[in-house]
Amino acid sequence: MARAMRWAAERARDGLRAAFALGLTLWALDAPGRLGAHLYTEQMIAFGLGLCAALALLTPPARPWSRVAAALNAGFAASVLAAFLYVAARYPAIQLDIAFAPPEAVALGALMIAGVLEAVRRRTGLVLPALLALLAGFALFVGPHLPADYASRPVSPERLGVYLAFDSNALFSKMLDIAVTTIAPFIAFGALLNAFGGARAATEAVSRLVGGMRGGAAKVAVLGSGLFGAVSGSAVANVAAVGAVTIPMMRRAGYRREVAAGIEAVASTGGQLMPPIMGASAFLMAELLEVPYAEVALAALGPGLLFYAALLFAVDFEARRRAPEDDAAQLRARAAARTVEGENAAPWRHLLAVAALIWLLFVEGRSPQQAGLLATAVLIALHVGLPGPGALARLRESGRRLLDAMEQVADIVVLAAAAGLIIGVLNLTGISFAITLQMLAAAGGSMALLLAMTAGLCLLLGLGMPTVGVYILLAALAAPAMAQMGAPPMAAHMFVFYFGMLSMITPPVAIASFAAAAVAKADPWRTSFAALRLGAGFYVIPIAFANQPDMLLGVGTDPAAAALALLRALLAVALITAASIGHVARPLSQGVRLLALALAAANLAAFGAGAPDGVLIAALIGGLALMAHLARAEPGRGTPTPARAAARSR
């Protein structure tokens, strides 16, 4: 009986996945409009959210349920799905009645909200449901009774429930629209590319380029993860796909488990910042800023390249510290890094789909939704059309992998829905405006203090939710405060996005580091702190582009100013990384490390915003001279003997 129930639940989940994939495709092709059925966007959103919520609710638990519990859960999932499908079918009529908050609308809304919160609790934990409960309780029972400067608008429970469930600024927000209709095709594309061997192809490509360099195994991990992450947009998926190849490679090169896992965690996290796909937050940013996605991708290019430059600095300095240039073990490690174990031929042809995606997005100017769907179709066609027999089997495999990818889509959709509920409470009660005013008052006119407060909030919220959840909340709370203080909107939103991303590798809850530790069979805490040590330079990059917005490339950017800003930021990152590692081509004394930090701080400051320009130019020249000096190894000094190098690597 239990086996039959599990079989039925899995078939139901397959049906939900297939229905969502089919509905998304038909919507993108405007099939309803071609058939004369003109639907509201909210109807498609309700359809997609209902399927994703039911899919999350039917996910088998870690510990098997009893028959009664399984039956109750199935009934709850079916009820939630039915409620959303009813809204999808009757949305225009429902909108005419909800202004009066009739009891049936209140009950229907309560069921929908409960379904979304339970689905997101099972997928991401208690943080978002608990935050919503806290804010709703504050709005209903505390906020209206506070002093006038802090009070929120009074609202009844019925009005709050109906607003959250049916308003386009709450559950059915534009963020959920983007998650359902735009982000989903890119998640499917990344999942299929991974399943078809895209991670191995990326790793093989960079192995041939950098595998023979000093620290080649680590550099393969950095560039391979960056290359694959640029099209997958998911840190944890990147760790699982690329880390399975690169972490054993680094272990063979002599890296400790936690160091290898830390390098992979950091490299995989940065993929969310690299075009062409980036993370889900980038699509939401484009919508909130009302700019084309290509502008967001172009603006992120500079910080993304700096992120990977910082990590390459770190692994190169670490490799110089660990072993000498002529160490035999190091040479053997480089030879091993040039060859990826496994299949002899990487599936290079699948990378043509990445080229197609870039062409569709940035050359033809297709919408992200169309580009994602067309690139996914190209990828499936390339896989099915591989030479040799078995085309039908590969077609079935593609279908199975596509259905599996809907699991990742469900995570993003229910997360965006829950975040929309929180934003709805903030907007209806005016709490968001009050929080923005309080942040400005606490900053006291200091942009540096406001940046520090915003970064702290991003890292704090990142303890319990993914990057996209952090971005959605802080884009509504902190980004407006930064904009009012004078930061360009793109810089404000990119700052929030960047620090939300860094929460993936920041202890105590570093999700990407924990995932990499599981692959490496390393201690999660040691892995987290190893990643933090390697990534010290990352934390100043958002400060650099907040102070020097020319780093964010875009229409109207002065090329000379952008180049100077990027050079100063790159120098600051190199200096901080050198001070953190304590070695470049030679060990660094405490005095040199402090000097490097001081020069780095000066190069993060903007011209005309405090220190005289002459001092900042001197800091630029001094920093370049210091790095050039440190990069030259002195004979007999700073180069460890083979015996000492072997001892350090153990």
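Bear in mind that the values here come from a model prediction, so they are computed numbers and not experimental data.

K.L.:
Now, about a nonpolar patch on the surface: what can you tell me, with residues and values included?
P.N.:
Where nonpolar side chains cluster on the molecular surface, the patch consists of L564, L567, F607, I617, I621 and L624 and spans about 490 Å² of accessible area. Those elements that provide at least two residues to the nonpolar patch are α27 (559-581) and α29 (613-630). Per element, the largest residue contribution to the nonpolar patch is 3 residues, and it comes from α29. One can find L564 in helix α27.

K.L.:
Before we move on, could you go through the confidence of the model for the protein chain and cite the residues and values that matter?
P.N.:
Within the protein chain, residue pLDDT values average 83, and 91% of them lie at 70 or more. Across residues 337-346, where pLDDT falls below 50, the model places 23 contacts with residues more than four positions away in sequence or in other chains.

K.L.:
Could you give me a rundown of the side chain of S398, with the residues and numbers involved?
P.N.:
With respect to the element layout, S398 can be found in helix α18 (residues 391-429). With relative accessibility at 1%, the residue S398 sits in the buried group. Of note is the side chain of S398, whose polar atom sits 2.9 Å from the backbone oxygen of R394. Apart from the residues within four sequence positions on either side, S398 is in contact with L192, F196, I380, H383 and V384.

K.L.:
Break down the pattern of salt bridges for me, citing the residues and quoting the values.
P.N.:
Inspection of the entire model under this criterion finds 19 salt bridges. For the salt bridge of E10 with R13, the shortest nitrogen-to-oxygen distance reads 3.6 Å. Within this pair, E10 and its partner R13 are both found in helix α1 (residues 2-28), separated by 3 residues, close to a single helical turn. Here R122 ties to E118 by a salt bridge, and the two come within 2.7 Å at their closest N and O atoms. Here R122 and its partner E118 are both found in helix α5 (residues 103-124), 4 residues apart, which amounts to about one turn of the helix. When salt bridges that share partners are traced, they join E10, R11, R13, D14, R17, R123, R400, D404, E407 and D411 into one network.

Calculation criteria
Residues numbered from 1 in each chain as written. Predicted model: local features only at pLDDT ≥ 70, side-chain atom pairs only at ≥ 80, totals over all residues. Heavy atoms only, no water. Patch = residues over 30% accessible without salt bridge, like charges linked within 9 Å, V, L, I, M, F, W, Y side chains within 5 Å. Areas by Shrake-Rupley, 256 points an atom, 1.4 Å probe, with all protein chains shown as cover. Salt bridge = Lys/Arg side-chain N within 4 Å of Asp/Glu carboxyl O. Helix = DSSP H or I, 4+ residues; strand = E, 2+ residues; numbered from the N terminus. pLDDT = per-residue confidence, 0-100. Contact = heavy atoms within 4.5 Å. Buried < 20%, exposed > 50% of the residue type's maximum accessible area, 1.4 Å probe, protein only. Polar contact = N/O pair within 3.5 Å; in protein donor to acceptor, adjacent residues only side chain to side chain.

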